[in-house]
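# A look at the structure
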Amino acid sequence: MKQLFGRPNGLTDVLQRYCPGCGHGIVHRIIGDLLIKLNIRECTVGIAPVGCSVFADEYFNCDMIQPPHGRGPAVSTGIKRARPDCIVFSYQGDGDLAAIGTAEIVHAAARNENITIVFINNAIFGMTGGQLAPTTLPGMKSTTSVQGRDIKKQGYPIKVCELLAGLDGPYYLVRTAVNTPKNVINTEKALKNAFVNQIENKGFSMVEILSMCPTNWGMTPVQSKKWVDDTMMKYYPLGEYRNRAKEEK
Amino acid sequence: MPQVKILEEVCKGCGLCCDEVCPVDILILSPNRINSSGYHPAEVTDNGKCIGCGYCFKICPEPAIEVYK
Ligand SMILES: Cc1ncc(C[n+]2csc(CCOP(=O)(O)OP(=O)(O)O)c2C)c(N)n1
Ligand code: SF4
Ligand code: SF4
Ligand code: SF4
């Protein structure tokens, strides 16, 4: 029998230590597929973040580096400039990218650095125990906003696609989700664009992915995927925020 | 005929594939089987009905699903 779908060779055989129903695994599988389909596995350098996916270097079957918290875009810049023949992707959570790493992502985008950013927005600090993230929704409970995020005290969430779309630099900015097969398929397309843009030397591409964190949302995986539809997407609308490839046509 | 296979030891019993994902509704969390990590893995109720769409594979975080033809 012919295999239609199965674990891609872009992933190692190491079993992932994520919680049941965690969105990180779905995104890892998509990237693992693309490393093979785009024939870039041997020339790719991935950057693992600090966060639950800190062990991503064990999971992706390509060269990997794990720099300090939030510095993925800066380290990616260095690697890509020193070795333009490499394909470089930085995989980051919302704590990593939108809190401690805000400066790095903004400046890499402003420079239209020719790198690919995979941004997992699960509206929470996962690894450290569910603290408020810059992306935590107004009214959403976390271990550091037990009554729910109060915008008077903790301010408004950062919408990263919209923020970066205020810059002239970035080439491709898109927000997707991984809570249904249809949204996973759209994420596959978006991530493919984000890697192809780099192969074609187009510049900075970021895919922001709304992703489930059942453990710190205090929900079952099935409740979590519905919450992405019913609540998260209302605050973080899906869609393209910049696509220079379309503008150039 | 397409066939779906659950890798029981890799499955974390999250149930994502069992809820409104399969167009022919043949995936459930096993009520009695349990893997060595303590999870109730997904189970196929009627493999003869599988249409090989791969939706279950796409939503599986591990991935603990393979689809054959
Ligand atoms: C310099 C530094 N500051 C703080 C931390 C603690 N820390 C570890 S992970 C993390 C945030 C993780 O959240 P996120 O990036 O959203 O990833 P997730 O775990 O949700 O996937 C923080 C603050 C650290 N490891 N290093
Ligand atoms: S804490 Fe959340 S983000 Fe981290 S592995 Fe568990 S579900 Fe995934
Ligand atoms: S491949 Fe499609 S039809 Fe077959 S079990 Fe999976 S979701 Fe159902
Ligand atoms: S989605 Fe994967 S891990 Fe979750 S129950 Fe189904 S087969 Fe198991």
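Going by the structure above, here's the rest.
Reference entry: report on the structure contained in this document. Model, not experiment: these values are computed from the prediction.

### Observations concerning the overall build of chain B
- Regarding its fold elements, chain B presents one helix and four strands.
- Going from N to C terminus, chain B has its helices and strands arranged as β-β-β-α-β.
- Compactness check: chain B gives a C-alpha radius of gyration of 11 Å against a globular reference of 11 Å for 69 residues, within 12% of the reference.
- The C-alpha extent of chain B, read off along each of the three principal axes, is 30 × 20 × 20 Å.
- Among the 69 residues that make up chain B, the fraction classed as buried is 51%.

### Notes on the site of ligand 4
- Looking at ligand 4, the residues that line it are C11(B), K12(B), G13(B), C14(B), G15(B), C17(B), L29(B), A42(B), C60(B), E62(B) and I65(B).
- A per-class count over the shell around ligand 4 returns seven nonpolar, two polar and two charged.

### A look at the site of ligand 2
Residue and element names in this part refer to chain A.
- Taken together, Y18, C19, C22, H24, C52, N122, G126, C213, P214, T215 and N216 make up the full set of residues near ligand 2.
- If one sorts the elements of the shell around ligand 2 by residue count, helix α9 (residues 214-217) sits on top with three residues.
- Taken together, the residues of the shell around ligand 2 sort by class into six nonpolar, five polar and no charged.

### Looking at helix α1 (residues 23-37) of chain A
Residue and element names in this part refer to chain A.
- If you check α1, its first and last C-alpha atoms are 22 Å apart, about what 15 residues at 1.5 Å a residue would give, namely 21 Å.
- The element α1 is largely enclosed, with a buried count of 13 among its 15 residues.
- Backbone geometry just downstream of α1 places N39 in the positive-phi region, at approximately 55°.

### Concerning the pairing of strand β7 (residues 205-210) of chain A
Residues and elements named next belong to chain A.
- The buried count for β7 comes to six of six residues, which makes it a mostly enclosed element.
- What you see with β7 is no split at all: S205, V207 and I209 on one side and M206, E208 and L210 on the other are buried throughout.
- By the bridge criterion, six bridges tie strand β5 (residues 116-121) to β7 in an arrangement that is parallel. Among the inter-strand pairings, V118 is bridged to a residue of β7, identified as V207.

### Some words on the sheet that holds strand β1 (residues 3-5) of chain A
- Taking strand neighbours across the sheet as the criterion, the three strands line up as β1(A)-β4(B)-β1(B) in an open arrangement whose pairing is antiparallel. Among the strands making up the open sheet, the edge pair consists of β1 of chain A together with β1 (3-6) of chain B. Neighbour to neighbour, the strand axes of the sheet diverge by 35° on average, direction disregarded.
- Strand direction decides the pairing type here: β1(B) and strand β4 (residues 65-68) of chain B, joined by four bridges, are antiparallel.

### What about the side chain of E208(A)?
All names here are of chain A.
- Here E208 shows up in strand β7.
- You can call E208 buried: its relative accessible area is 0%.
- Engagement of the side chain of E208 in a polar contact is seen with the side chain of N121, the distance being 2.9 Å.
- Side-chain polar atoms of E208 contact the side chain of R175, separated by 3.1 Å.
- If sequence neighbours within four positions are ignored, E208 has contacts with F119, N121, V160, C161, V174, R175, T176 and Y236.

### Points about the environment of I79(A)
Residue and element names in this part refer to chain A.
- Mapped onto the elements, I79 comes out in helix α3 (residues 72-82).
- Judged by its relative accessible area of 16%, I79 falls in the buried class.
- For the pair I79 and V45, spaced 34 residues apart in sequence, the C-alpha separation works out to 8.3 Å.
- The contact partners of I79, leaving out residues within four places of it in the chain, are V45, I47, I65 and V88.

### Quick look at unusual backbone geometry
- Cis rather than trans, the peptide bond between E62(B) and P63(B) has omega equal to -20°.
- Inspection of the secondary structure assignment puts P63(B) in the loop between α1 (55-59) and β4.
- Despite not being glycine, A123(A) has its phi angle at roughly 60°, a positive value.
- Among the secondary structure elements, A123(A) is positioned in the loop between β5 and α6 (151-154).
- Overall, A123(A) belongs to the buried group, its relative accessible area being 0%.
- Not every positive phi belongs to a glycine, and E20(B) is a case in point at roughly 55°.
- For E20(B), the position within the fold is in the loop between β1 and β2 (27-29).
- Classification of E20(B) as exposed rests on a relative accessible area of 70%.

Calculation criteria
- Residues numbered from 1 in each chain as written.
- Chains lettered and ligands numbered in written order.
- Predicted model: local features only at pLDDT ≥ 70, side-chain atom pairs only at ≥ 80, totals over all residues.
- Heavy atoms only, no water.
- Helix = DSSP H or I, 4+ residues; strand = E, 2+ residues; numbered from the N terminus.
- Rg over C-alpha atoms; globule rule 2.2 N^0.38 Å.
- Buried < 20%, exposed > 50% of the residue type's maximum accessible area, 1.4 Å probe, protein only.
- Near = heavy atom within 4 Å.
- Nonpolar A, V, L, I, M, F, W, Y, C, P; charged D, E, K, R; others polar.
- Expected span 1.5 Å × (residues − 1).
- Pairing = 2+ DSSP bridges.
- Axes fitted to C-alpha atoms, helices over the stretch in contact; angles between N-to-C directions.
- Polar contact = N/O pair within 3.5 Å; in protein donor to acceptor, adjacent residues only side chain to side chain.
- Contact = heavy atoms within 4.5 Å.

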